[in-house]
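Listed below, chain by chain, are the residues.
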Number of protein chains: 2
Amino acid sequence: MEKNIKRFKCILAYDGTNFAGYQVQPGKRTVQLEVEQALNKIHKGESIRIAASGRTDAGVHARGQVIHFDSHLQIPGERWKKALNAMLPGDISILDVSEVDKDFHARFQSVRKEYRYRISLKSERDPFLRHYAYHYPFPLNLDAMKEAARYLMGTHDFTSFCSAKTEVVDKVRTVEEIIFTSTDDELVIQFIGNGFLYNMVRIMTGTLLEVGSGRKAPAEMERILAARDRVQAGKTAPGHGLYLWKVDYAITTNPGVTFS
Amino acid sequence: MEKNIKRFKCILAYDGTNFAGYQVQPGKRTVQLEVEQALNKIHKGESIRIAASGRTDAGVHARGQVIHFDSHLQIPGERWKKALNAMLPGDISILDVSEVDKDFHARFQSVRKEYRYRISLKSERDPFLRHYAYHYPFPLNLDAMKEAARYLMGTHDFTSFCSAKTEVVDKVRTVEEIIFTSTDDELVIQFIGNGFLYNMVRIMTGTLLEVGSGRKAPAEMERILAARDRVQAGKTAPGHGLYLWKVDYAITTNPGVTFS
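Residues numbered from 1 in each chain as written. Chains lettered and ligands numbered in written order. Predicted model: local features only at pLDDT ≥ 70, side-chain atom pairs only at ≥ 80, totals over all residues. Heavy atoms only, no water.

## Describing the overall build of chain A
Move 1: When helices and strands are tallied, chain A shows five helices and 10 strands.
Move 2: Relative to a compact globule of 260 residues, whose C-alpha radius of gyration would be 18 Å, chain A shows 20 Å and is just as compact.
Move 3: Seen along its three principal axes, the alpha-carbon backbone of chain A occupies a region of about 60 × 40 × 40 Å.
Move 4: For chain A, with 260 residues in total, the buried portion stands at 50%.
Move 5: Once local pairs closer than 6 in sequence are excluded, the contacts in chain A between residues at least 24 apart make up 71%. (Helix = DSSP H or I, 4+ residues; strand = E, 2+ residues; numbered from the N terminus. Rg over C-alpha atoms; globule rule 2.2 N^0.38 Å. Buried < 20%, exposed > 50% of the residue type's maximum accessible area, 1.4 Å probe, protein only. Contact = heavy atoms within 4.5 Å.)

Pasting the structure below:
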């Protein structure tokens with residue numbers, strides 16, 4: 001049977017509100033648990049494990065999380081999508097399933113990730129955004145935030161912007177871009193980079209908000225980065241404003257025959 | 001104390017997902033119950049009743065529901081808003097409170113209402129819309145729907161588009177406008193009129209979707225209206241796609257001294 005095992009890459013979206021995060025934890029409802037249970041049902045009880053591009057915390061959402069799994073079932077990609085969506089609860093949706101090379105790995109082969117942090121600036125809380133954006137009804141100096149963001153872009157040791165709880169040793173990451181998009185009511189900050197440490201986007205967001213509200217000067221970012229000390233940066237912004245938006249891979253699918 | 005009683009008009013938004021509708025029902029969590037409980041706390045246990053522009057069903061949302069209440073407390077409008085929002089759960093938000101004439105009535109003095117029905121056309125279900133739009137991943141002929149909508153506009157007996165459960169006798173209403181706004185992913189239908197019968201917007205929407213999918217011809221609307229028979233119209237579209245958007249009044253606040 002081994003020779004018929006195929007690897008599948010799967011893009012999924014989830015509303016993080018009712019999950020205790022992505023990763024399996026005893027007695028908790030998690031995204032990994034729901035997806036593995038759906039796969040187990042499709043495989044008639046056989047246990048299938050999935051691997052993701054990375055974990056997301058409780059309350060954090062995903063528009064483009066990527067996982068992979070192996071299966072000996074002879075099901076084309078489009079049928080996998082239908083089968084999985086039929087088994088999954090309404091707060092998880094499979095957007096795409098494709099067969100990939102056997103050495104594809106959702107975590108180790110990702111080359112770029114995009115997160116978005118959504119901030120509602122409305123003076124009154126919006127009941128429709130209570131789980132989907134951080135409500136921050138205070139004046140913000142966007143120019144100061146953009147100036148501060150320029151210090152964060154590039155390759156740095158991000159120890160100051162990483163939860164002390166992490167077990168990762170190498171804290172050097174490259175932030176390629178931080179893009180601000182705003183209306184009167186809302187600010188979205190896109191973070192694009194080669195990888196992000198535990199809570200890194202939420203700590204960068206919290207620190208940028210302290211700059212925007214005048215509690216920190218943009219140039220302080222340089223000192224905070226150099227300190228390599230979590231307590232120097234700002235607060236961790238809440239999870240419910242954060243979206244794992246997109247994960248890029250150098251090669252995601254077997255390209256087969258190409259004509260170029 | 002009677003002479004100091006003032007009447008307040010209050011505009012509120014709510015996410016209908018976790019409510020058994022607007023109106024108080026024994027043992028159920030409703031919008032009316034939550035708002036009256038908040039008012040009772042502010043009045044130190046005194047029972048305050050509210051009156052709304054109309055009920056909304058379980059799962060139905062509101063962006064601009066209007067209620068009124070009477071109070072002897074000497075609190076300006078802006079402070080009322082803060083006090084109520086501090087007492088209310090996150091799925092209800094008070095957008096505005098203003099003092100109005102004693103003869104203002106949220107229900108009897110409304111002259112125009114707008115409802116919006118939101119339809120997600122995405123091929124895959126979107127976990128972020130599962131409570132906020134009706135997922136309808138099928139081709140729709142928008143031109144046919146617009147043609148059918150023209151038969152519904154104007155003053156008609158809407159018995160065919162009213163739940164048989166209603167106790168209302170006069171079923172003549174005027175639909176001023178039905179406006180379609182669409183993107184590749186979404187269709188929003190606005191219904192503006194002087195009043196709507198029980199389930200009327202949801203039945204009109206369900207019937208328009210049957211036209212859009214080719215199961216009914218646009219010209220059938222004329223026959224359906226004339227039949228005055230609920231079974232002639234289409235299915236009732238689900239509640240979670242519906243929003244009470246706006247309620248208009250001829251005069252909403254005491255204009256005080258005017259200079260024109």
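## Here we look at the relation of the copies chain B and chain A
Move 1: The transform that puts chain B on chain A rotates by 180° and translates by 0.0 Å along the axis, for an RMSD of 0.0 Å. With respect to symmetry, the two chain copies, as superposed, fit the operation of a two-fold axis. If distances are taken from each C-alpha of chain B to the rotation axis, the shortest is found for B:Phe128, at 5.3 Å. (Least-squares fit on C-alpha atoms with pLDDT ≥ 70 in both.)

## Quick look at the packing of aromatic side chains
Move 1: Per the stated rule, a full pass over the model turns up 25 aromatic pairs over all chains.
Move 2: One aromatic cluster is present, built from ring pairs that chain together A:Phe128, A:Tyr132, A:Tyr243, A:Trp245, B:Phe128, B:Tyr132, B:Tyr243 and B:Trp245. (Phe/Tyr/Trp six-rings, centres within 6.5 Å; stacked < 30°, edge-to-face > 60°.)

## Structural notes on the side chain of A:Lys171
All names here are of chain A.
Move 1: Mapped onto the elements, Lys 171 comes out in the loop between strand 7 (154-157) and strand 8 (172-182).
Move 2: Buried within the structure, Lys 171 lacks any salt-bridge partner; its nearest side chain of opposite charge belongs to Asp 157, at an N-O separation of 6.8 Å.
Move 3: Excluding residues within four positions of it along the chain, Lys 171 makes contact with His 156, Asp 157, Phe 158, Thr 159, Cys 162, Thr 166 and Leu 197. (Lys, Arg positive; Asp, Glu negative; His and termini not counted. Salt bridge = Lys/Arg side-chain N within 4 Å of Asp/Glu carboxyl O.)

## Here we look at the interface of chain B and chain A
Move 1: Listed per partner, the contact involves 26 residues of chain B and 26 residues of chain A.
Move 2: Here chain B meets chain A over a buried area of about 2,000 Å², counting both sides, of which 50% is carbon and sulfur.
Move 3: If you sort the residues of chain B by the area they bury against chain A, B:Arg125, B:Phe128 and B:Arg130 come out on top, with a joint share of 37%.
Move 4: Summed over the shared surface of chain B and chain A, the result is six salt bridges.
Move 5: Residue A:Glu124 pairs with B:Lys81 through a salt bridge whose shortest N-O separation is 2.9 Å.
Move 6: Between the two partners, chain B and chain A, sit 18 residue pairs in polar contact (both at pLDDT 80 or more).
Move 7: Counting residues per element, the ones that place at least two in the side of chain B that touches chain A are strand 1 (6-14), strand 3 (61-71), helix 2 (77-87) and strand 4 (92-100) of chain B.
Move 8: Looking at which element gives the most residues to the side of chain B that touches chain A, the answer is strand 4 of chain B, with four residues. (Buried area = accessible area lost by both parts, 1.4 Å probe. Polar contact = N/O pair within 3.5 Å; in protein donor to acceptor, adjacent residues only side chain to side chain.)

## A few points about the pairing of strand 9 (residues 186-193) of chain B
Residue and element names in this part refer to chain B.
Move 1: Where burial is concerned, most of strand 9 is hidden: seven out of the eight residues are buried.
Move 2: Examined bridge by bridge, strand 5 (residues 110-120) and strand 9 share eight bridges and lie antiparallel to one another. Residue pairing across strands places Arg 118 opposite Val 188, the latter belonging to strand 9.
Move 3: Relative to strand 9, strand 8 (residues 172-182) runs antiparallel, the two being bridged by seven bridges. In the sheet register, Phe 180 faces strand 9, and the bridge partner there is Ile 189.
Move 4: In this structure, the hairpin formed by strand 8 and strand 9 is closed by a connection of three residues. (Pairing = 2+ DSSP bridges.)

## Quick word on the confidence of the model for chain A
Residues and elements named next belong to chain A.
Move 1: When pLDDT is averaged across chain A, the result is 94; 95% of the residues are at 70 or more.
Move 2: pLDDT under 50 marks residues 252-260. Its contacts with residues more than four places away, or in other chains, come to eight contacts.
Move 3: Among the prediction metrics, the complex's ipTM stands at 0.88, with pTM recorded as 0.90. (pLDDT = per-residue confidence, 0-100.)

## A look at helix 3 (residues 142-152) of chain B
Residues and elements named next belong to chain B.
Move 1: The complete set of buried residues in helix 3 reads Ala 144, Met 145, Ala 148, Ala 149 and Leu 152. What you see down the axis of helix 3 is that its buried residues fit within an arc of 140°, all on one side. Turned more than 90 degrees off the buried face of helix 3, the exposed positions are Asp 143 and Arg 150.
Move 2: Turning to helix 3, the residues buried within the fold contact strand 7 (154-157), strand 8, strand 9, helix 4 (200-212) and helix 5 (220-227).
Move 3: You can read the cap of helix 3 off the contacts: a side-chain oxygen lies 3.1 Å from the backbone nitrogen of Asp 143, and it is on Asn 141.
Move 4: Looking one or two residues beyond helix 3, the residue adopting positive phi is Gly 154, at roughly 105°. (Arc of directions from axis to C-beta.)

## Topic: helix 2 (residues 77-87) of chain A
Residues and elements named next belong to chain A.
Move 1: Inspection of helix 2 places Gly 77, Trp 80, Lys 81, Leu 84 and Asn 85 among the buried residues, and these make up the whole buried set. Within helix 2, the buried residues cover an arc of 120° as seen down the axis, which keeps them to one side. Among the exposed residues of helix 2, those pointing more than 90 degrees away from its buried face are Arg 79, Lys 82 and Ala 86.
Move 2: For helix 2, the elements touching its buried residues are strand 1 (6-14), helix 1 (31-42), strand 3 (61-71) and strand 4 (92-100).

## Digging into the side chain of A:Asn85
Move 1: The residue A:Asn85 is located in helix 2 in this model.
Move 2: Among the polar contacts made by the side chain of A:Asn85, one reaches the side chain of B:Glu124 at a distance of 3.1 Å.

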